[in-house]
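Summary of the model geometry
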Amino acid sequence: MYNFSGFDFLPQHLGLGNAQHLYNFEASFIRLIDKVTNGSRIEINQTGTTLYYQPGLLYGGSLEHDCSPSRGIGYYLESLLCLAPFMKHPLKIVLRGVTNDQVDPSVDVLKATALPLLKKFGIDGESLEIKINRRGMPPKGGGEILFSCPVRKVLQPVQFTDPGKIKRIRGTAYSVRVSPQMANRMVESARGILNKFLPDIYIYTDHMKGANSGKSPGFGMCLTAETINGTILSAELASNPQGQGAAVLPEELGQNCAKLLLEEVYRGGCVDSTNQSLALLLMTLGQRDVSKVLLGPLSPYTIEFLRHLRSFFQIMFKIETKTAEEEHMGGEKVLMTCVGIGFCNLSKTIR
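The sections below set out a description of the structure shown in this document. Predicted model, so just to flag it, every value in this text is computed and none were measured.

The subject of this paragraph is unusual backbone geometry. Across the junction of Pro138 and Pro139, the peptide omega takes the value 5°, indicating a cis bond. For Pro139, the location among the structural elements is in the loop between β8 (129–134) and β9 (143–149). Positive phi is not limited to glycine here, since Arg177 has a value of about 55°. Look at Gln314: it is not a glycine, yet its phi comes out positive at around 50°. Mapping Gln314 onto the fold places it in the loop between α7 (300–313) and β16 (318–322). Among the residues examined, Gln314 registers a relative accessible area of 62% and is labelled exposed.

Attention now goes to the environment of Ile303. Its location among the elements puts Ile303 in helix α7. By relative accessible area, Ile303 is classed as partly exposed at 35%. Residues Ile303 and Phe25 lie 278 residues apart in sequence; the distance between their C-alpha atoms is 24 Å.

Below, the discussion takes up the pattern of salt bridges. Taken as a whole, this structure holds 14 salt bridges when the rule is applied. Here Asp104 makes a salt bridge to Arg71, at a shortest N to O gap of 2.8 Å. Taken together, the residues span a long stretch of sequence, with Asp104 in the loop between β7 (89–97) and α3 (107–120) and Arg71 in the loop between β6 (60–66) and α2 (73–83) at a distance of 33 residues. You'll find Asp104 and Arg71 in the same group, each marked buried.

What follows is about the sheet that holds β9. Sheet architecture is open: four strands sit in the order β6-β7-β9-β8, paired in mixed fashion. Sheet topology places β6 and β8 at the edges, where each strand pairs with a single neighbour. Neighbour-to-neighbour, the strand axes of this sheet turn through a mean angle of 10°, independent of strand direction. Across seven bridges, β6 lies against β7 in parallel orientation. Bridging across to β7, Glu64 finds its partner in Val94. Strands β8 and β9 of the sheet are contacted by α3, whose axis makes an angle of about 165° with β8.

Another aspect to go through is the side chain of Ser189. Relative to the elements of secondary structure, Ser189 occurs in helix α4 (residues 181–194). With a relative accessible area of 10%, Ser189 lands in the buried category. A polar contact of 3.0 Å, which involves the side chain of Ser189, links it to the backbone oxygen of Glu251. Setting aside anything within four residues of it in sequence, one finds Ser189 in contact with Pro250, Glu251, Gly254 and Gln255.

What counts and what doesn't
Residues numbered from 1 in each chain as written. Predicted model: local features only at pLDDT ≥ 70, side-chain atom pairs only at ≥ 80, totals over all residues. Heavy atoms only, no water. Helix = DSSP H or I, 4+ residues; strand = E, 2+ residues; numbered from the N terminus. Buried < 20%, exposed > 50% of the residue type's maximum accessible area, 1.4 Å probe, protein only. Salt bridge = Lys/Arg side-chain N within 4 Å of Asp/Glu carboxyl O. Pairing = 2+ DSSP bridges. Axes fitted to C-alpha atoms, helices over the stretch in contact; angles between N-to-C directions. Contact = heavy atoms within 4.5 Å. Polar contact = N/O pair within 3.5 Å; in protein donor to acceptor, adjacent residues only side chain to side chain.

Structure representation (structure tokens):
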């Protein structure tokens, strides 16, 4: 197959830029892709600047993977959420590393927002879950999560154009290897801002002790706003990693996280900015039927993702802008419409 140890590894040539070469977390990601597939060919040149990748079959099964601590588990989990429904066998994978950081979507946010989104496309059942066994903060990590997802033959088209009004706010304030009082202080300050708008607010405090608390101290918060139509919008913040930057007060972090949630509610749409690309991918891969989804302003990541969808699937979205006056609330919205390519998971085993 390939020799991974000497990096002679991965018929797509992906230039990694002139000066750029493969980082540790990217090599770890390639290892993960190799684990979930069967028959992938991966070659990397001597200097680590060119990657040759020949895709294999998505195989799935029960797996374990140690993620690089320089990026969060969310970096790896985001890609698995895109691929997991189309495996041959249901995926059940244990990922170890950093569960919450300041760069990637945390496991908490993906659990609260991405899983309900998958359910809207018909990917649901007992076996769809993300479970946090241990938390790990940067720089050393030490967290562990379990992600399991069933396989589907086809995806349902969606008509998801009315976000509805916010009915409740839920959240988690977590602290590891610091005083448990930190979580309570974050909750108090976040409630101070959010209670002005809504009475139904419940923020759980999650203080993990001993081996479950990972290897580095830290604290943070994840908030979600749920609407009457089942739209879930999220925001999160984490403290600075140990030994980097100034110390953050939990009160300040709680307030800023609440303000970020209000900002996300203002942006609005039926899918929050973290999961825009996942929604667009699932719409693209749906049956040959019209799917519509109302999004808030498109993030730069989503815009680039739309270009990739055009390159790989030759699919173009109809993009209509809706002004704040038309929608009676928040910022400008974008109505995305497409006809699915009718993707069918042929490798799914029939029981």
